[in-house]
Each structure stands twice: as C-alpha cells, then as structure tokens.
Amino acid sequence: MSQELTLPIEGMTCASCVRRAERALGGVAGVESASVNLATARARVAVDLSALDPAALLGAVREAGYEARPEELRLAVDGMTCASCVRRVERALAGVPGVVEASVNLATAEARVAYLPGLAEPATLAAAVAEAGYQARPVDADGAAEDRERAGREAEVAGLKRSLVFAAVFTLPLVVVAMGRHVPGLDGLYGLLPERAWLLVELQLATSVQFVAGWRFYRQGWAELRHLNPGMSSLVMLGSSAAYFYSLVAFAAPAIFPAGTAHSYFEAAAVVITLILLGRLLEAVAKGRTSEAIKKLLRLQAKSARVRRDGAEIEVPVAEVVPGDLVIVRPGERLPVDGLVVEGGSFVDESMITGEPVPVEKRAEAEVVGGTVNKTGSFTYRATRVGADTVLSRIVRLVEEAQGSKPPSQALADRIAAVFVPVVIALALLAFAFWLVFGPAPALSFAFVAAVSVLLIACPCAMGLATPTAVMVGTGKGAEMGVLFRKGAALEELARVGTVVLDKTGTLTLGRPELTDVEPLHPSLAVDDILRLVAAAEAKSEHPIADAVVRGARERDLAPAEVARFEAEPGYGIEAEVEGHRVQVGADRYLRRLGIAFGAAEARAAAFAEAAKTPLYAAVDGELAALLAVADPLKEGSREAVAALHGLGLEVAMLTGDNRATAQAIAGQVGIDRVLAEVLPDGKADEVRRLQREGDKVAFVGDGINDAPALAQADVGIAIGTGTDVAIEAGDVVLMSGDLRGIVNAAALSRRTLRTIRLNFFWAYAYNVALIPLAAGALYPLAGILLSPVLAAAAMSTSSVFVVTNSLRLRGFRPPLDGAESRAVPMASGRLVEQPAE
C-alpha cells in the first residue's frame, strides 16, 4: 500500500544537499519517490508500507551526512501492572507501520515512541495500545507538539550562535596578530616575539576555529564528497582547508616552497569560516520567519474545550474532544473544533477562514468552524470534526504541503545545482593551473588565492533558496487572505495564465433564484398587498421560482396570508384562493390561456428576458395585478473582479449550460469578453482543452463539485468555496470565501511571487556568473585586482541572505481588491427592487 510521509531533515544548506538527500532517500527499499525542500528542511516521501524499513530510511539520511529526526510522542498508559505488560505494549507500538522505536516505563506508566508522521499518528498509536488491552492518551495533548518544529529551529539558531561566538573569539585576535604589522602603531608589538612564534600563535588560534567552530563543514562536506555529490559544505571545506593546510605546511617546512611563496593564510581560513557561520545564522533566522504563516495558523487552535458530559460541564484538552460532544462557547472564546449549533446563538468572526472581517450570525443548525472567534452571545454546538479532520487542521496541512512542494522553477534549479558545484571545482582547478603556469612571481601564491576564491564565492545555496523561500512566504500570505494554494506549482503557474474561464452558476451568480423586481399593475392594490397574496399562493408550490418569491416576501417582513385552495398546472402556473381572492401566477402562456390581457406589461417582460430575468405574471380576481421578475443575481464583487482581471491583462470567458441569449445578458452585465454557452456538464473540460489549444494557459474557476473535470483539465483550477470539505479538496487554488475578487488577489499575489522568484534567480545566477571570473583573477591583468578569499566568503554569504530577505518582502503584499471595502454591486445581493406602477 502506497502512502506519503513528511520527514524533517537537518543540516542541508544548498541545492546540492537537496539532490543528495533525494538520491539517498530514493535508494531505500520501499521508497517510490522523494522530493526535498531546502527552505522547509523537509522531505515528502511516497513509500510502499509493505517493503519499507523506517530505520533504513533514517539511516540513509544519516549516511548522506544529514539528520532526520522522527517525531516523538509520550503516551500515558493505564492498566500496566508488570514487566509482561511493558513488553506487550512495546510490541504493540513497534508493530505499527512507521514506528522507529518504542520504549515503555512501568514506574512512570509512560511510553515514548519515535515514529514517522504520515505513516503513524498519535491516534493510531493509542489505538494499537488499546488493541493490546490498555488505555493510552498523549501526554503532550495540550499543544506542546505544535511547538516542536519551532524548538528545532531555535536549537539550530542557538547552535549557530554558539559556533559563531566561539569562532569570533579566536578569529578577532588572529586577525590582529596577522594584520597588525601593517597597522601604524602596532608594528612595535612584533618585537616582543620572533616571527616564528607569532606564526605559532596564529596556528593555534586558527586550529581552534578550523576544527571546532568549522567541524560542521567537515562532517557534511566529507559526506558530500564520499557520495560524489559535492555541495556548499564541500566548497567551504575545500576552500578553508586549502588556506589552513597551505599555511601549516608553509610554517612547518617553508623550504619546500619556491622562493617568496611560503605565505601564511591562517587568518583567511578563520575569517572565511566565521563569515560563513554569520551568513548561516542570518539565513536560519530569516528562514524561520518564512514559516510565520503556519505559526499564525497554529496559534488559532484552541488548547482546551468546555464540554457537557453526563449533565456536567467540564474542561478537557482539545485533543480529548470526540465527535458528538456538546461544546459550550462563551463570548470572546475561540471555538475548539468544528460542529453544528444546537442551542443559543451569536455572531462569529470567521475571518481566518474566509478573509471577511464582518462577523457571521450563527443560529441553530448553523455550521461553525474550529479556530474562529465567538463575539457576543453564548451557544452550544455538537462537535462533528475533531483533531486532524477540522477545517483549520486541513488548512494547515494544505499550506504545509504547498510550501513543501516543488514548482517547475525549483526543479530546474535543482538540476542546474547538480552539475554546478562539480563545474565550480573544475574551474577552481583550471584557475590554479592557469596562474601557476602564467602568473607573476610568486605564481604559486596567485594560483592558490584564485582557486580558493573561486571555491568560496560560488556556493550554490542562494540558488537552492530562490524558489522555496518565495513559495513559503507567498502561500502563507495567500492563506492570510483566504486564498489557499494547494501546490507551490499553482502559485507559479497562475502568474502565467492568459485566460480566466468563469463558470456562471454559483461562481459569477449566487446559484439560486432571487426575486429581483415587482411592478404593480393593479389599480387598487399596493405592492405589498400583491406580493403577500402571490407569496401565499407560491408557498404551496415546490418550484424553485416559487421559493424565490416566498423569500422575497419574507425579506419585506410580509405576514403570510391564509390559503384556502391551491391548484398547480404543470408547465403553466398556479391558482389559489387567498383571503377570498383568486390568485393566478404563471408564464405568459398561462395568462393567454386564461384570457387575461397583457397591456404594456408584455414589452416590459421582454426587457426582463433580455436582462436574463424570468418574467412572471400575477393576476388577482381575473385582472392583471403585477409583473414579477426572478433571476439568479450576480454575486457581490463580480463586476469589480472582472474589471480588475481585465486590468491585469487577462481575457475573461464565461462557461455555462444556459441558452446563448441568457448567457450574453449576464456577460454584458459584468463585461465578459467571451461567452461559451449551452455547454453540457461533461463538455466543460473539452471547452477548456479547446482554449488551451489556442495557445493560452487557462485558469478555470468553478464551485469545486460539478466542475471537477474542468478544474483538473485547466492549467490552474480555482475552486470557489466557503471553507467546507469539498471546497478544500477541489482545485489547485481554493478561495475560502465565494467572492470572485479573491481571484484577482490570487493572480496579483502569484505574479508578485513569480517576480520575486525571478529576481532571486537573477541575483543567484548573475552573481555567480559575474563574480566567478573576478574570483579567478580575470581583472588582474587589467586593473591589478585579485579577490581575497575573505571577500569571496563575505560575498557568498551576502548572496544567500539577500535571497531570503527578498522573499520576506512578500509578507508586505497588499491585495489589490478588498472585499470588505468594495461597493455593493446593484442587484447582486438579491434585494427586492420595486418599480412604479404604470
């Protein structure tokens, strides 16, 4: 059985690390595919459970020079009494696929389990213990597990800080000793000790930096070279080691060097390591900020819940809430899980789901979502989805998956990085050979400096970070706006779309008929009287148009009239006796059959039809009383969204099964360029395919249910939803609110993200292309400039920090359209519009 797991990997620093980790994982029996993301430091691995050994998976990562730490869980186990119980629980836990190690302590009644998330989960482990005859519950169910990733990031930053401080403590005096002789006022210091003694001091200081603070580069670099896949650590190791060991041999046996070449570069080796540690620290801090969106989402999760059990209210950890529990929520509290309201009512702030800041009223049978905030009243609701099944948990999982996925540009960067480092090493050797043969005296020194500078300046970490950091920040920003990118590729692909195809019903329009117009034509009846009589008659009908009329009357607070008799004539209309009046409602053919004259109403009805509205005639006591119009009105923001899409240079098409006249009328109201009408549901994907053959990349926008084939066929499928199950699972992009303005915001964000990725790549590649020749000494014949290894290391670190901070600028993105501040579109809300009597 195939399954996907997510594995945190520590120690990766560049795109070459990504390539090597993927190869290591791919070589493990049972692994079907592996994709590694540098920015998130995670691998997504598809495995065959029947053939996989979890320990072998972790061992392969360690063998490649990195560390893959499984998730750890503490379980409180009830019912154990002896050592046999301990062994039974351990065997039960070890038998769960994905468990790496399990140990049980009888004295503390706790089990500690190391497992691979995605193969095993806390609920699965607890169920295995229950199957063995005991009861288990997570000890850290209060939310401590959510902080584990942050703790890992903080540990990485703390480790880099310690190494940097240690390196700086030894590097600063080393630089003073090595360079002080060139500083006026310090030259007298060198008379205190012989030259060889000062070199010995340099050697001791440099050795501490090289093999204590810099040991991480040796550990990772050697693993890279051993697997014939050199990366950033290899380049740093080779460059700094070349400077250190060259200086060591020059100190120990200067006679073997040509005259004038036995120079010391101890300070260069130490400064290189110190600067690169500084760059790594800045990079780690900045990368930690790229996952801010996930942290914000996790902070939305409530820690505990107040539930009613056995007639009493008790407070329990949110992990112990089960479907069916009655959850009590007070004003100002965050809802712990998803459910349906059963008692009371309130207004709930659902902005974290929909992006809309206006609280939504919740009454009996209304659906509520965990993580949203109760504003005013108190209510009780029945839990329906808990734990990993809640909308918020699934949103977090979607964002994590999008941030961990590999867009096309990243896949290209990985392929380039796979050959880039070997090419750099070859260029360093060529530079060394060139200067050794053609360089001025002392040629060996020139050759050495050029080779080391090339190795240091060309580290490919900026290439590996260019895409994933931008995708992480972009997808996180989208989640804040109520736009979920299910794949990183969709964030990049949406920026390249040329045509947006909008489904009509439920996407452009509300998706249900609404009463839009009432024109009174009776000489003695007011509009409210007519509507009250008509609505009473229609209340007995099951037709959707009848429901629209009834809702229209209810919105006017018109009291329902009593119906004494009701008859329906299919295809024509209805007749009812309401408060002593004979009320007849139907299409024009019904009135012709009844012999009732239309008068001027017929021309008005034709105008309604041209505006995509369905006209209805109402007669009272045999006399024409009113002309009504029912339509599926535009959603608020539809016109503004289409205009904004045009402003982005996109062609907008509408796809519908309606007849062409109705479709053209709707298209004319919103300014759509192209109408694809009378399309059957199974033909939508064919229409999208036809547009793609015309050369444009196509985004299809639908409700995520009936439009699934078209969503899948489009280059980018955008599902309109309200945060419910289907909406979250459909499409490459999900708009959590039904507002079409979210498409504009998503497109603008994707374009901004793609620009950021391109700028990152330009900086990473142009930087290398420009500076590798400089490091190799290309300017020396013209200007006498030969780049120092110290400057090369500083420039390399600056490149990585620039890429990450440039990606972080996406956090300041502002959506071009804010649904909360936009003007209402006439007729879009379905409000009743009266027309004066003629």
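Residues numbered from 1 in each chain as written. Predicted model: local features only at pLDDT ≥ 70, side-chain atom pairs only at ≥ 80, totals over all residues. Heavy atoms only, no water.

K.L.:
Hey, could you run me through the sheet that holds strand β14 (residues 360-362) in this one?
P.N.:
Hydrogen bonds along the backbone pair up the strands of a sheet, which may run parallel or antiparallel. Ordered in space as β14-β13-β16, the 3 strands form an open sheet in which the pairing is antiparallel. The open sheet has two edge strands, β14 and β16 (373-374), and neither has a second partner. Pairing analysis gives 2 bridges linking strand β13 (residues 346-349) to β16, with the strands arranged antiparallel. Across the sheet, Val348 pairs through a bridge with Asn374, a residue of β16. (Pairing = 2+ DSSP bridges. Helix = DSSP H or I, 4+ residues; strand = E, 2+ residues; numbered from the N terminus.)

K.L.:
What exactly am I supposed to notice about helix α19 (residues 544-555) here?
P.N.:
Two residues of an α-helix separated by three or four positions point the same way, owing to the 3.6 residues in each turn. Between its terminal C-alpha atoms α19 stretches 17 Å, which fits the 16 Å expected from 12 residues at 1.5 Å a residue. Every buried residue of α19 is listed here: Ile545, Ala546, Ala548, Val549, Val550, Arg551, Gly552 and Ala553. Against β20 (514-520), α18 (527-538), β24 (614-620) and β25 (623-631) lie the buried residues of α19. Two residues or fewer past α19, Asp557 is found with a positive phi of approximately 60°. (Expected span 1.5 Å × (residues − 1). Buried < 20%, exposed > 50% of the residue type's maximum accessible area, 1.4 Å probe, protein only. Contact = heavy atoms within 4.5 Å.)

K.L.:
Help me understand the UniProt feature "transmembrane region" (unreviewed entry) in the chain in this model?
P.N.:
Under the UniProt annotation, the feature "transmembrane region" (unreviewed entry) is placed at residues 163-184, 196-215, 235-257, 263-282, 416-438, 444-467, 761-780 and 786-804. The span residues 196-215 is 95% helix and 0% strand, and its two end C-alpha atoms sit 27 Å from each other. Within residues 761-780, the helical portion is 80% and the strand portion 0%, while the C-alpha atoms at the span's ends are 28 Å from each other. (UniProt positions renumbered as here; feature names shortened; annotations may be inferred.)

K.L.:
Explain helix α27 (residues 741-775) to me, please; I cannot follow it from the model alone.
P.N.:
Relative to the 51 Å expected for 35 residues at 1.5 Å per residue, α27 spans 50 Å between its end C-alpha atoms, a close match to the ideal helical length. Phi turns positive, to about 100°, at Gly777, one or two residues after α27.

K.L.:
Sorry if this is basic, but what is going on with the sheet that holds strand β27 (residues 674-676) here?
P.N.:
Strand order in the open sheet formed by 7 strands is β18-β30-β29-β28-β19-β26-β27, with mixed pairing between adjacent strands. In this open sheet, the two edge strands, each paired with only one partner strand, are β18 (483-485) and β27. Each strand of the sheet is rotated relative to its neighbour by a mean of 20°, with strand direction disregarded. Each of β26 (651-655) and β27 is contacted by helix α23 (residues 660-670), which is oriented at about 150° to β27, the strand it contacts most. (Axes fitted to C-alpha atoms, helices over the stretch in contact; angles between N-to-C directions.)

K.L.:
Sorry, what's going on with the pattern of salt bridges here?
P.N.:
When the charged atoms of two side chains lie near each other, side chains of opposite charge can form a pair. According to the stated counting rule, one finds 32 salt bridges in the structure shown. Of the charged contacts, one joins Arg308 and Glu343 as a salt bridge, the two residues approaching to 3.6 Å between their closest N and O atoms. Within this pair, whereas Arg308 is found in strand β9 (residues 304-309), its partner Glu343 is found in strand β12 (residues 338-344), the two being separated by 35 residues in sequence. Judged by its relative accessible area of 28%, Arg308 falls in the partly exposed class. In this structure, Arg741 and Asp739 form a salt bridge, with 2.5 Å as the shortest nitrogen-oxygen distance. Both residues of the pair, Arg741 and Asp739, belong to the buried class. (Salt bridge = Lys/Arg side-chain N within 4 Å of Asp/Glu carboxyl O.)

K.L.:
Whenever I open this one, the nonpolar core confuses me. Can you help?
P.N.:
Across soluble globular proteins, nonpolar side chains have a tendency to be buried as a group. Of all hydrophobic cores here, the largest spans 131 residues; its most connected members are Leu7, Leu25, Leu57, Phe485, Leu502, Ile672 and Ile718. In terms of residues, this core owes the most to one element, α27, which gives 11 residues. Each residue touching Leu57, except ones within four places of it in the same chain, is listed here: Leu5, Leu7, Leu25, Val28, Val31, Leu52 and Leu116. With 29 residues, the next largest nonpolar core counts Leu533, Val534, Ala548 and Ala553 among its residues. (Core = buried A, V, L, I, M, F, W, Y, C linked by side-chain atoms within 4.5 Å.)

K.L.:
What is the right way to look at a nonpolar patch on the surface in this model?
P.N.:
Taken together, the side chains of Val419, Val423, Leu427 and Leu430 present a nonpolar region at the surface, about 350 Å² in accessible area. Mapped onto the elements of the fold, Leu427 is located in helix α13 (residues 408-438). (Patch = residues over 30% accessible without salt bridge, like charges linked within 9 Å, V, L, I, M, F, W, Y side chains within 5 Å. Areas by Shrake-Rupley, 256 points an atom, 1.4 Å probe, with all protein chains shown as cover.)

K.L.:
Explanation requested: unusual backbone geometry in the structure shown.
P.N.:
Negative phi is the rule for most residues except glycine; trans is the rule for most peptide bonds. If you check the backbone angles, Glu365 has positive phi at about 75° while not being a glycine. Looking at the secondary structure, you find Glu365 in the loop between β14 and β15 (367-368). On the basis of relative accessibility, which here comes to 63%, the residue Glu365 falls in the exposed class. Positive phi values are uncommon outside glycine, yet Asp621 reaches one of about 55°. Along the chain, the position of Asp621 falls in the loop between β24 and β25.

K.L.:
I'm lost on the side chain of Arg385 in this one. Help?
P.N.:
Within the fold, Arg385 resides in strand β17 (residues 379-385). You can call Arg385 buried: its relative accessible area is 16%. Looking at Arg385, its side chain comes within polar contact range of the side chain of Asp338, at 3.1 Å. Here the side chain of Arg385 touches Glu367 through a polar contact of 2.9 Å, side chain to side chain. (Polar contact = N/O pair within 3.5 Å; in protein donor to acceptor, adjacent residues only side chain to side chain.)

K.L.:
Mind showing me how you'd approach the side chain of Thr475 here?
P.N.:
For Thr475, the position within the fold is in helix α15 (residues 461-480). Given a relative accessible area of 3%, Thr475 falls into the buried group. In terms of polar contacts, Thr475 uses its side chain to reach the backbone carbonyl oxygen of Val471, at 2.7 Å.

K.L.:
Is there a simple way to think about the packing of α18 against α19 in this case?
P.N.:
In helix packing, the relevant descriptors are the interaxial angle and the interaxial distance, both defined with respect to the helix axes. The geometry of α18 relative to α19 is characterised by a closest axis approach of 9 Å and an angle of 140° between their N-to-C directions. Relative to α19, the element α18 lies oblique. The hand of the α18/α19 crossing is left-handed. Between α18 and α19, the residues in contact are Leu531, Val534, Ala535 and Glu538 and Ala546, Val549, Val550, Gly552 and Ala553, respectively. In the contact of α18 with α19, the residues fall into 7 nonpolar, 1 polar and 1 charged. (Parallel < 35°, antiparallel > 145°, perpendicular 65-115°, else oblique. Left-handed = near helix turned anticlockwise from the far one by under 90°. Nonpolar A, V, L, I, M, F, W, Y, C, P; charged D, E, K, R; others polar.)

K.L.:
Explain the packing of helix α22 (residues 638-647) against α27 here, please?
P.N.:
It is the contact of α22 with α27, at a shortest axis distance of 8 Å, that shows an interaxial angle of 25°. With respect to their mutual orientation, α22 and α27 come out roughly parallel. Taking contact as the criterion, the partners of Glu640, Ala641, Ala644 and Leu645 in α22 are, on α27, Arg741, Ile743 and Val744. Grouping the constituent residues of the contact of α22 with α27 by class yields 5 nonpolar, no polar and 2 charged.

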